[in-house]
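Spelled out, the chains give:
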Amino acid sequence: MTGTGLFLTFEGIDGSGKSSQARMLAERLRDLGHDVVLTREPGGSAGAEEIRRLVLEGDPDRWSAETELLLFTAARRDHLERTIEPALAAGKVVICDRFADSTRMYQGLSRGNLRDLVDQLHTLMIGREPDLTLLIDMDPQTGLSRAKGRQGTEERFEDFGIDLQQKMRAGFLALADEFSNRFRVIDGNRDMDSVALDVTDIVLQALR
Ligand code: TYD
């Protein structure tokens, strides 16, 4: 299926504020009359939300990196088939909080280098990149404090600590260079409204 809509993703380390930015952008675009689907990963479809619980809850060492990669990819395939592709085919703007770049980082880098495996599986089972990716870049310690401040059960990754946050931040910036055609890096170390203004500017340009 080749859609005519626009596929936007937000990426960043835990606590970067990307989820709030995704919500604010969705509201802004709806106010301007766009048909918007706001979704997230892992999740975004009934089956993928079930897989979300398997990967985000429980012990940090509950899954090997390889098993985890298969679970995230299964969730993404379901999300793509049932939510993303139909919306794009209908000409909608899809805003997704995390997508394959998060797998390239978290499963690809956090425990050894599995990036080749991640890319191979992506080519086989997903085969689609966003039209535009907004990386909300954030100081790792600030991000971690914010993420820890949110009480909840989804803390498998937050449990990995500051070292992981630092590695992920550097990894995301490198990824933005690698895919410079679709990535835009936004300084997230500012108040939410200033960040949101930059986000809106970039997206409105892409929509033109
Ligand atoms: P998310 O719900 O975006 O949490 P936050 O709002 O705190 O950023 O993502 C939950 C966790 O899932 C996050 O720590 C990163 C991880 N994740 C992966 O490891 N691989 C993936 O492919 C995706 C989409 C997320």
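These figures come from a predicted structure and were not determined experimentally.

Participant: Before we go on, may I ask you to explain the packing of helix α3 (residues 65-89) against helix α4 (residues 100-109) in this structure?
Facilitator: Two numbers describe a pair of packed helices, the interaxial angle and the distance between the axes. Put simply, α3 and α4 touch, their axes get as near as 11 Å, and they point 175 degrees apart. What the angle tells us is that α3 and α4 run roughly antiparallel. In contact with Ala-65, Glu-68, Leu-69, Phe-72 and Arg-76 of α3, α4 contributes Ala-100, Thr-103 and Gln-107.

Participant: Mind showing me how you'd approach the packing of aromatic side chains here?
Facilitator: To describe a pair of aromatic rings, one takes the distance between the centres and the angle between the planes. Applying the stated criterion to the full structure yields two aromatic pairs. A ring pair is formed by Phe-7 and Phe-99, whose centres lie 5.0 Å apart and whose planes are at 85 degrees; its orientation type is edge-to-face. Taken together, the residues span a long stretch of sequence, with Phe-7 in strand β1 (residues 6-11) and Phe-99 in the loop between β3 (93-97) and α4 at a distance of 92 residues. Given the relative accessible area of 1%, Phe-99 is considered buried. Ring plane angle 65 degrees and centroid distance 6.4 Å describe the contact between Tyr-106 and Phe-172, whose orientation is recorded as edge-to-face.

Participant: Looking at this structure, I do not really get the site of the ligand. What am I missing?
Facilitator: In the region of the ligand, 17 residues are neighbours, and Asp-14, Arg-98, Thr-103, Gln-107 and Arg-150 sit closest. Within the side chain of Thr-103, one N or O atom sits 2.5 Å away from an oxygen atom of the ligand. Between the ligand and the protein, one listed contact pairs an oxygen atom with a side-chain N or O atom of Arg-150 at 2.7 Å. When the free accessible area of the ligand is taken as 550 Å², the share hidden by the protein chains comes to 93%. When residues of the shell around the ligand are traced back to their parent elements, those giving at least two are α1 (18-31), α2 (46-56), α3 and α4. Looking at the shell around the ligand element by element, the count peaks at four residues for α4. Taken together, the residues of the shell around the ligand break down into five nonpolar, four polar and eight charged.

Participant: Sorry if this is basic, but what is going on with the sheet that holds β1 here?
Facilitator: Backbone hydrogen bonds hold the strands of a sheet together, and the pairing may be parallel or antiparallel. The strand order β2-β3-β1-β4-β5 describes an open sheet built from five strands, whose pairing is parallel. Whereas interior strands pair on both sides, the edge strands pair on one side only; in this sheet they are β2 (36-40) and β5 (183-187). Taken over all neighbouring pairs, the strand axes of this sheet differ in orientation by 20 degrees on average, direction set aside. The pairing of β2 with β3 spans five bridges and is parallel. By the bridge assignment for β3, Thr-39 is matched with Cys-96.

Participant: What's the story with α3 in this structure? I'm lost.
Facilitator: For an α-helix, the turn length of 3.6 residues means that residues three or four places apart are oriented alike. Compared with an ideal rise of 1.5 Å per residue, which puts 25 residues at 36 Å, α3 spans 33 Å between its outermost C-alpha atoms and is within 8% of the ideal. The sharpest bend along α3 reaches about 50 degrees and sits at Leu-80.

Participant: Mind showing me how you'd approach the nonpolar core here?
Facilitator: One broad trend across soluble globular proteins is that nonpolar side chains are buried collectively. Membership of the largest hydrophobic core comes to 20 residues, with the highest contact counts inside it found for Met-105, Tyr-106, Met-168, Phe-172, Leu-175 and Phe-183. Those elements that place two or more of their residues in this core are α2, α3, α4 and α7 (162-178). Setting aside anything within four residues of it in sequence, one finds Met-105 in contact with Ser-110, Met-168, Gly-171, Phe-172 and Leu-175. In this structure, Leu-6, Leu-25, Val-93 and Ile-136 belong to the second largest nonpolar core, which totals 17 residues.

Participant: Help me understand the pattern of salt bridges, please; the structure alone is not making it clear to me.
Facilitator: Should the charged atoms of two oppositely charged side chains come close, the side chains can pair. What the rule picks out here adds up to 19 salt bridges. The partner of Asp-198 in a salt bridge is Arg-190, with the nearest N and O atoms 2.8 Å apart. What makes Asp-198 partly exposed here is its relative accessible area of 29%. It is possible to trace a salt-bridge network through shared partners that takes in Asp-101, Arg-104, Arg-115, Asp-119, Glu-129, Glu-178 and Arg-182.

Rules and cut-offs
Residues numbered from 1 in each chain as written. Predicted model: local features only at pLDDT ≥ 70, side-chain atom pairs only at ≥ 80, totals over all residues. Heavy atoms only, no water. Axes fitted to C-alpha atoms, helices over the stretch in contact; angles between N-to-C directions. Helix = DSSP H or I, 4+ residues; strand = E, 2+ residues; numbered from the N terminus. Parallel < 35°, antiparallel > 145°, perpendicular 65-115°, else oblique. Contact = heavy atoms within 4.5 Å. Phe/Tyr/Trp six-rings, centres within 6.5 Å; stacked < 30°, edge-to-face > 60°. Buried < 20%, exposed > 50% of the residue type's maximum accessible area, 1.4 Å probe, protein only. Near = heavy atom within 4 Å. Polar contact = N/O pair within 3.5 Å; in protein donor to acceptor, adjacent residues only side chain to side chain. Areas by Shrake-Rupley, 256 points an atom, 1.4 Å probe, with all protein chains shown as cover. Nonpolar A, V, L, I, M, F, W, Y, C, P; charged D, E, K, R; others polar. Pairing = 2+ DSSP bridges. Expected span 1.5 Å × (residues − 1). Bend = angle between axes of the 7 residues up to and from the residue. Core = buried A, V, L, I, M, F, W, Y, C linked by side-chain atoms within 4.5 Å. Salt bridge = Lys/Arg side-chain N within 4 Å of Asp/Glu carboxyl O.

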